[in-house]
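# A look at the structure
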Amino acid sequence: MKSIKKIKITTETTISKALKVISEGTLRIAILVDKKGKLLGTLTDGDIRRGLLKGLNLNSSVKSIIFKKPIIAKKTDTKEKLLKIALSKKIYQIPVIDENRRVIGIHVLDELIKSKKKSNKVVIMAGGEGMRLRPLTKKIPKPMLKVGKKPILQTIVEKFKQSGYENFVMCVNYKSKIIKKYFGDGKKFGVKIEYIKEKTKMGTAGALSLFKEKPKEPFFLINGDLLTNLDFEKMLDFHYQHNSKATMCIKEFNVESPYGEVKLKNENIKSIEEKPKHKFFVNAGVYVLDPKCVDLIPKKFFDVTSLFKKMIDKKYKTISFPLGEYWLDIGRHHDYDKANLEYNYIFNH
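First things first, this report covers the structure right here in the doc. This is a predicted model, so every value here is computed, not measured.

At their nearest, the axes of helix H5 (residues 152-162) and helix H6 (residues 176-183) sit 11 Å apart, and the two run at 45° to each other. Considered as vectors, H5 and H6 are oriented oblique to each other. For the pair H5 and H6, the sense of crossing is right-handed. Across from Leu153, Gln154 and Val157 in H5, the residues of H6 making contact are Ile179, Tyr182 and Phe183. Of the residues belonging to the contact of H5 with H6, the class tally is 5 nonpolar, 1 polar and no charged.

Taken in spatial order, the 3 strands of this open sheet run S4-S5-S6, and their pairing is mixed. Strands with a single pairing partner mark the edges of an open sheet, and in this sheet they are strand S4 (73-74) and strand S6 (103-108). Judged from the 5 bridges that link them, strand S5 (residues 93-97) and S6 form a sheet pairing that is antiparallel. Counterpart to proline 95 in the pairing with S6 is isoleucine 106.

Turning next to the packing of aromatic side chains. Taken as a whole and assessed by the stated rule, the structure comprises 15 aromatic pairs. Between phenylalanine 160 and phenylalanine 220, the ring centres sit 5.2 Å apart and the planes meet at 65°, which makes this aromatic pair edge-to-face. Here phenylalanine 160 is found in helix H5, whereas its partner phenylalanine 220 is found in strand S12 (residues 219-223), with 60 residues between them in sequence. A single burial state applies to phenylalanine 160 and to phenylalanine 220, both of which are buried. On the numbers, 6.1 Å between centres and 90° between planes, the contact of tyrosine 326 with phenylalanine 347 is edge-to-face. Of the two residues, tyrosine 326 is situated in the loop between strand S18 (318-323) and strand S19 (327-329) and phenylalanine 347 in helix H9 (residues 333-348); the sequence distance between them amounts to 21 residues. What makes phenylalanine 347 buried here is its relative accessible area of 18%. Taken together, the ring pairs connect Phe160, Tyr165, Phe168, Phe220 and Phe232 into an aromatic cluster. Between the NZ or CZ atom of lysine 118 and the centre of the ring of tyrosine 165, over which it lies, the distance is 5.3 Å. For lysine 188, the ring lying beneath its charged end belongs to tyrosine 182, and the centroid distance is 5.2 Å.

Procedures and definitions
Residues numbered from 1 in each chain as written. Predicted model: local features only at pLDDT ≥ 70, side-chain atom pairs only at ≥ 80, totals over all residues. Heavy atoms only, no water. Axes fitted to C-alpha atoms, helices over the stretch in contact; angles between N-to-C directions. Helix = DSSP H or I, 4+ residues; strand = E, 2+ residues; numbered from the N terminus. Parallel < 35°, antiparallel > 145°, perpendicular 65-115°, else oblique. Left-handed = near helix turned anticlockwise from the far one by under 90°. Contact = heavy atoms within 4.5 Å. Nonpolar A, V, L, I, M, F, W, Y, C, P; charged D, E, K, R; others polar. Pairing = 2+ DSSP bridges. Phe/Tyr/Trp six-rings, centres within 6.5 Å; stacked < 30°, edge-to-face > 60°. Buried < 20%, exposed > 50% of the residue type's maximum accessible area, 1.4 Å probe, protein only. Lys NZ or Arg CZ within 6 Å of the ring centre and 35° of its normal.

Written out as C-alpha cells, the structure reads:
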C-alpha cells in the first residue's frame, strides 16, 4: 500500500493542477478528499481529457468531472482479492479506506498486471527537409537539430523508452545517412530501430505503405520535429478504452481578437463583444493507429489528415486525445530558439 500524500486534491483544485499531480506522480491517479480526509472520489487522466473535450478549460474546477463511485478496498483485503477485482474491473489503482471512509492509502496493481515493456511499434516521420529552418538544416535533417545538447529525435526516442516502448521505425529521406549513422540499430540507446527509406517525398503518412510487415497491434505515429512530455501510455490506454481505430493528439489554443466583435441578424446589431477569445484545437502530430489503417494508404505522397478523412468517410471510429502537457512543434527559427530556452526546465527539472 502506498501513501496518497502527493496525490490528494480537493473539489476546488483546478484541472491544470490536477493534471500536474497525475502526470508528475507515478500512481496515474488523484484522490479527492474532504476536510476530514474522507473519500469523495477519484480523478484520472481520462476523466480530465473527457472534461476538456466537453468544453472545460485548464482553469476549471475538477468538481464536475470527479468519478464519485470508485472501487475501494479495506485494509484487511487480501492480495488475491485485490488482483481479482483489478482484473475483472480493469483498474490499476484501488483507494484503501478505514471504517470512517477516510483514505489511508492506495493499492497500485499496475506492476502485477501489466508488463513494463510494450511491444507496440513507434513510427517516427523523420524525412522532412526543414526548409523554414534554413540555413540550420542545410547540412543536417531537421530532426537531428540539437535541443538541450541532443538531437530532437533522440529526445523523442528516450521519452518513449521511459514509457516502455522499445520498437522503433524511422521513416527517412533527406540526408538519411546522418540519422542512420547516429542511431544505427538502436542498440546503444537500448531500443531496436528499423528504417523505411522514402525514395521520394511521401508526406506524413505515405511511408506507412512501405512497411515490410504490417504491425499486428496499434502503433504510434509521431512527427520527428516536435517536443512533448506527453505520457504516451495514457494515450494508448485512451485509444484502447474507446475502441478507436485512429486517435489524434490535439492541442488547445486560445486567440484573443484585437477588435470588438459585432454579431448581426440581417442589418440589425444583436450584440457586441469586446476583444472576444476564440478557442480551437490543432493537430499535435502524435497519433495511435490501428493496423487496418495501413491498408488505406496508397504508395505515394499521402498526409495523415487525408488518412483521417478517408477513415471518417468509411465510418471508422476516430477520436481525439486532448493534450494538456508541454508541446512544441519546431517549425520555424523562433520555435527552435524557444525549445532551447525551455528544454532543461521541461525535461530535466
